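Residue-level structure breakdown
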Amino acid sequence: MSFFEKRFKKRFFSSIRTKFVIVYVLVNIISLQLIGLFFTTQLRNSNINTFEQNIIEQEKILNYHVREELDKINGSNNNDNSKVLGDNLVPDDSTKSSRDSKSGIAKLVSEFNIQKLLLVNVIDNDSKILATSSKNGNDEYLAKRSFDPLVSQVIKTGESIKQIQNNADSNKRVWIYVSPVKKDNEVVGVISLMADIESVYQEVNGISKIFIVGTILSILITTVIGFVASKTVTSSIEKMSSQVKKMALGNYGTVVGIDADDEIGDLAKVFNQISKRIEEEQAVTETERRKLATIIESMMDGIITTDNNGRIILINTSAEDMLGGRNDEIFIGKDVLKILNITEYESIEEILEAEDSLLVNASKSDDELLLRAEISKIEKEDKEDLTQMSTELEGYIIVLYDVTDQERQEKERREFVSTVSHELRTPLTTMNSYIEALEEGVLEDKELAPQFIDTIHKETTRMIRMVNELMQLGKMDIKEEHYEKEFIDINKMLEQITDRFALTHPEKNFIKHIPKSPIFVEGDQDKLTQVFDNIVNNAIKYSPDGKNITVRVRQNYHHNRVSISIKDEGVGIPLVHIDKIFNRFYRVDKSRQRSMGGTGLGLALAKTIVDAHKGRIWAQSREGYGSIIFVTLPCEQIDDEWL
């Protein structure tokens, strides 16, 4: 089935015309079914009642004659029916009369012929069968006792019983009627009748089938009439629906072809008036919208307009770019709080009650983006009279500003001030404590006084070095640091630095893999010396005595780069700290770094100097196995004769 066939099928079953016909036909079906059910029920009950009354009337006649015969039998039983002659019983005339009465009952039963009667039994009050219409009845059968529970119930209660049962032999319904034979309100016998009532039900079923055929024909005719009648109503609605679809596409025409002078005709006239009015208002609105859209799109700040429920109805390109929108992403109609990832408030009204503006984190992946959202209401003023004025909330305007750089700088400034204050306060506190101790008398102690003075000297030296490094970093940040660049033999400089540290730290093993041929780098020799001094000094600090410190130099001739690596066998740096060790004042182990006299600025200063030389510095480490600091710098191949 094609798409158009499915669409037509769905449209057919959902159309007003089809629904109208379905309702119309269902009403007729229900009405006919109710009438048919009532008719067949009444017909069946009437036929069954007629059937039963005919048999009951005939049974009354039989009951009368059977009662007379039973009177004769009972009368003869009351007299002496035999004489005793010795040891033998000799029947008299009364016994003969009893037999004649039974024969009379049998004759009455055999002559009792009613249409659809199946069986007649006459039973005395001792439940013995006196006569039967069954062809299989014989003397032995007549002498037997009846165990029919209905017969027993009639003998006991003296009331007639009628039932409809299924015949086990023919699997058809039969009607059972058991009536008492009474004399002076005393049950002297019972008449049991069985008649075929299945034919009555078959007659009703036949009539029901005829009624069903008539119902089907009525449904077909009703369906045709329903479609014809519904078309006269729905054709006008379809014309107006077609024009509404055209209006949705921007074609504000009028509905034609509806000349009826009824409610639908009046609706068509009003619809045409509304269509013309909408066309005029749409033209004005479109002009204003274009002006507003041009202004909003030209703004660098993000603009979002919402309805009073916080659903976006307008968003400019700047806001889409800030929120990471793509061409296939639709913001219109979505909740602005979810778009801005605001979870601490449930509505815009709550934000306005708490604060005028809100800082929003709109970061995507690794790109950090912080936005300042300023929210204002759009209210409509309704002047009811000259003295009263009411406002109605129509929506909100949200202006987004990119404050990522400002917030980052402010955060760095706060962190820097906090860190510097902490770093300066620690040695000052130590110095103050030691000075107070000296003033209180420790100065007279020849053993402690030199130690205290030495500690004060070390802390003073560390503070001076920290201030100098901070001043140097500050100059580099504002681009005021001056670099005296010249061509330097990097191999020779590293040889001198390594030899100097090996002389002052004989407890460490220095291994050098430095080529003999010179490799020249254009740079400031003092600044680069400061970089490698700091790296080697850190390797010495964190390497136990007897461990190796390896300095290796390699040259990449294809890219004119020289790579210097300084490897220690110390405690190593945890993986989570590798990318942070070049930040200012960052320490992996603050207590250990401070005890070793570090300021936390050496690697940050080294990175700034290397970056200024268009190089790169990074670290590799494995905790417990040592660290490697890599530095790459641009280099040149220059012969000695040119120096």
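Here, the structure is the one placed above.
The structure reproduced in this document is the subject of the present report. Remember, predicted model here, so these are calculated numbers, not experimental data. (Residues numbered from 1 in each chain as written. Predicted model: local features only at pLDDT ≥ 70, side-chain atom pairs only at ≥ 80, totals over all residues. Heavy atoms only, no water.)

Remarks on the overall build of the protein chain
Using the following cut-off: For helices the rule is a DSSP run of H or I covering at least 4 residues; for strands it is a run of E covering at least 2, with both sets numbered from the N terminus onward. For every residue, the accessible area (1.4 Å probe, protein chains only) is compared with the maximum for its type, and the residue is labelled buried under 20%, exposed over 50%, or partly exposed between those bounds. In this analysis, two residues are considered to be in contact whenever any of their non-hydrogen atoms come within 4.5 Å of each other. Calculation of accessible area relied on Shrake-Rupley with a 1.4 Å probe; when residues are assessed, cover is drawn exclusively from the protein chains displayed.
Each helix and strand in the protein chain was counted, giving 16 helices and 19 strands. Evaluated residue by residue, the protein chain yields a buried proportion of 35% over its 643 residues. Long-range pairs, those at least 24 residues apart, make up 58% of the contacts in the protein chain with a sequence separation of at least 6. Accessible surface computed for the protein chain: about 41,100 Å², of which carbon and sulfur atoms make up 52%.

A closer look at the packing of aromatic side chains
Definition in use: Within 6.5 Å between ring centres, the rings of Phe, Tyr and Trp (the latter by its six-membered ring) count as paired, and their orientation is classed by plane angle as stacked under 30 degrees, edge-to-face over 60, tilted in between. Sitting over a ring, as applied to charges here, requires NZ of Lys or CZ of Arg to be within 6 Å of the ring centre and within 35 degrees of the ring normal.
The full count for this structure, using the stated rule, is three aromatic pairs. Taking the centre distance of 6.1 Å and the plane angle of 80° together, the rings of F51 and W175 count as edge-to-face. Taken together, the positions of F51 in helix α2 (residues 16–78) and W175 in strand β6 (residues 173–183) put the pair 124 residues apart, joining distant regions of the chain. Both residues of the pair, F51 and W175, belong to the buried class. Ring centres of W175 and Y177 lie 5.4 Å apart, and the angle between their planes is 10°; on these two criteria the pair is classed as stacked. Summarising the burial analysis for this pair, W175 and Y177 share the class buried. Ring pairs connect the aromatic residues F51, W175 and Y177, which therefore count as one cluster. The residue whose ring lies beneath R173 is Y201, and the NZ or CZ to ring-centre distance is 3.8 Å.

Some remarks on the sheet that holds β6
Heads up, the rule is: One bridge is not enough; two strands pair if DSSP finds at least two bridges between them. Think of each axis as a best-fit line through the C-alpha atoms, taken over the contacting stretch in the case of a helix, with angles from 0 to 180 degrees between the N-to-C directions.
Strands sit in the order β4-β3-β7-β6-β5 across an open sheet of five strands; the sheet is antiparallel. Strands at the two margins of the open sheet, each flanked by one partner only, are β4 (129–132) and β5 (161–166). Neighbour-to-neighbour, the strand axes of this sheet turn through a mean angle of 20°, independent of strand direction. Of the strand pairs in this sheet, β5 and β6 are connected by six bridges, and their pairing is antiparallel. Of the residues in β6, the one forming a bridge with N166 is R173.

Focus on the packing of helix α13 (residues 490–504) against helix α14 (residues 525–541)
Under the convention used in this document: For classification, angles of less than 35 degrees are called roughly parallel, those exceeding 145 degrees roughly antiparallel, those between 65 and 115 degrees roughly perpendicular, and all remaining angles oblique. Helix crossings fall into two classes, left-handed where the near helix is turned counterclockwise from the far one by less than a right angle and right-handed where it is turned clockwise. Residues were grouped as follows: Ala, Val, Leu, Ile, Met, Phe, Trp, Tyr, Cys and Pro as nonpolar; Asp, Glu, Lys and Arg as charged; and all remaining residues, including Gly, as polar.
Between α13 and α14, whose axes approach to 10 Å, the crossing angle comes to 40°. With respect to their mutual orientation, α13 and α14 come out oblique. Remark: the crossing between α13 and α14 carries right-handed chirality. Residues I490, M493, L494, I497, R500 and F501 of α13 form the contact with α14, whose own contacting residues are Q525, L528, T529, F532, D533, V536, N537 and I540. Tallied by class, the residues present in the contact of α13 with α14 amount to nine nonpolar, three polar and two charged.

Digging into the environment of N171
As for its position among the elements, N171 is in the loop between β5 and β6. For N171, a relative accessible area of 65% corresponds to the exposed category. It is 9.8 Å that separates the C-alpha atoms of N171 and E198, two residues lying 27 residues apart in sequence.

Description of the pattern of salt bridges
Let me state the cut-off plainly: The salt bridge criterion pairs a side-chain nitrogen of Lys or Arg with a carboxyl oxygen of Asp or Glu, the two atoms within 4 Å.
Per the stated rule, a full pass over the model turns up twelve salt bridges. In this structure, the salt-bridge partner of K60 is E57, at a minimum N-O distance of 3.8 Å. Within this pair, K60 and its partner E57 are both found in helix α2, separated by three residues, close to a single helical turn. When the shortest N-O distance is used, the salt bridge between E281 and R277 registers 3.6 Å.

A few points about the sheet that holds strand β18 (residues 616–622)
In space, the five strands of this open sheet follow the order β14-β16-β17-β19-β18, with mixed pairing throughout. Whereas interior strands pair on both sides, the edge strands pair on one side only; in this sheet they are β14 (509–513) and β18. For this sheet the average axis-to-axis angle between neighbouring strands, irrespective of direction, equals 15°. Strand direction decides the pairing type here: strand β16 (residues 548–556) and strand β17 (residues 561–567), joined by seven bridges, are antiparallel. Considered in β17, the bridge of R552 is made with S565. Packed on one face of the sheet, α13 meets β14, β16 and β17 and runs near 170° to β14. Against the sheet, helix α16 (residues 602–612) engages β18 and β19 (626–634), with an angle of about 135° to β18.

Points about the packing of α14 against α16
The geometry of α14 relative to α16 is characterised by a closest axis approach of 9 Å and an angle of 145° between their N-to-C directions. Every pair of crossing elements has a handedness; the one defined by α14 and α16 is left-handed. Where α14 approaches α16, its residues K527, Q530, V531, N534 and N538 are matched on the opposing element by G602, L603, L605, A606, I609 and V610. Class assignment for the residues of the contact of α14 with α16 results in six nonpolar, four polar and one charged.

A word on helix α5 (residues 149–157)
We apply this condition: Starting at the helix axis, one direction is taken to each C-beta atom, and the arc is that of these directions.
Taken as a whole, α5 has its buried residues at L150, V151 and V154. Summarising the axial view, the buried residues of α5 lie within an arc of 100°, below the 170-degree limit, and thus occupy one face. Of the exposed residues in α5, the ones pointing more than 90 degrees away from its buried face are P149 and K156. Structurally, α5 contributes buried residues whose contacts are with β3 (117–124), β5, β6 and β7 (186–196).

Description of the nonpolar core
Inclusion rule: Buried Ala, Val, Leu, Ile, Met, Phe, Trp, Tyr and Cys residues that are joined via side-chain atoms within 4.5 Å together make up what is termed a nonpolar core.
Ranked by size, the top nonpolar core spans 39 residues in total, and within it I490, F532, I535, V562, I564, I566 and I617 carry the most contacts. Take this core: its biggest share by element is seven residues, from α14. Those residues in contact with I564, other than ones at most four positions away along the chain, are I490, L494, F532, R552, V553, I629, F630 and V631. Listed in part, the 27 residues of the second largest apolar core include L62, A131, V188 and I191.

Concerning the side chain of S127
Mapped onto the secondary structure, S127 falls in the loop between β3 and β4. Aside from chain neighbours lying at most four places away, what touches S127 is K144, R145, S146 and I155.

Examining α14
Every α-helix carries 3.6 residues per turn, so stepping three or four residues along brings you back to the same face. Here is the rule: A helix is expected to reach a length of 1.5 Å times the quantity of its residues less one. Under this definition, polar contacts are N or O atom pairs within 3.5 Å; protein pairs additionally need one hydrogen-donor-capable and one acceptor-capable atom, and for neighbouring residues in sequence, both atoms have to be side-chain atoms.
The end-to-end C-alpha distance of α14, which contains 17 residues, comes to 24 Å, matching closely the 24 Å that a straight helix rising 1.5 Å per residue would cover. For α14, the tally of buried residues reaches twelve of 17 residues, placing the bulk of the element in the interior. Regarding α14, the residues found buried are K527, L528, T529, V531, F532, D533, N534, I535, V536, N538, A539 and I540. Its side-chain oxygen placed 3.0 Å from the backbone nitrogen of D526, D524 serves as the N-cap of α14.

Examining the side chain of D524
Along the chain, D524 falls in strand β15 (residues 520–524). Reaching out from D524, the side chain makes a polar contact with the backbone nitrogen of D526 at a distance of 3.0 Å. Aside from chain neighbours lying at most four places away, what touches D524 is H482, Y483, E484, K485, I488 and H613.

Re a nonpolar patch on the surface
Under the convention used in this document: Patch membership requires more than 30% relative accessible area and the absence of a salt bridge. Residues of like charge join within 9 Å; the nonpolar side chains Val, Leu, Ile, Met, Phe, Trp and Tyr join within 5 Å.
Residues I212, V213, I216, L217 and L220 make up a contiguous nonpolar surface patch of about 470 Å² in total accessible area. Relative to the assigned elements, I216 resides in helix α6 (residues 198–248).

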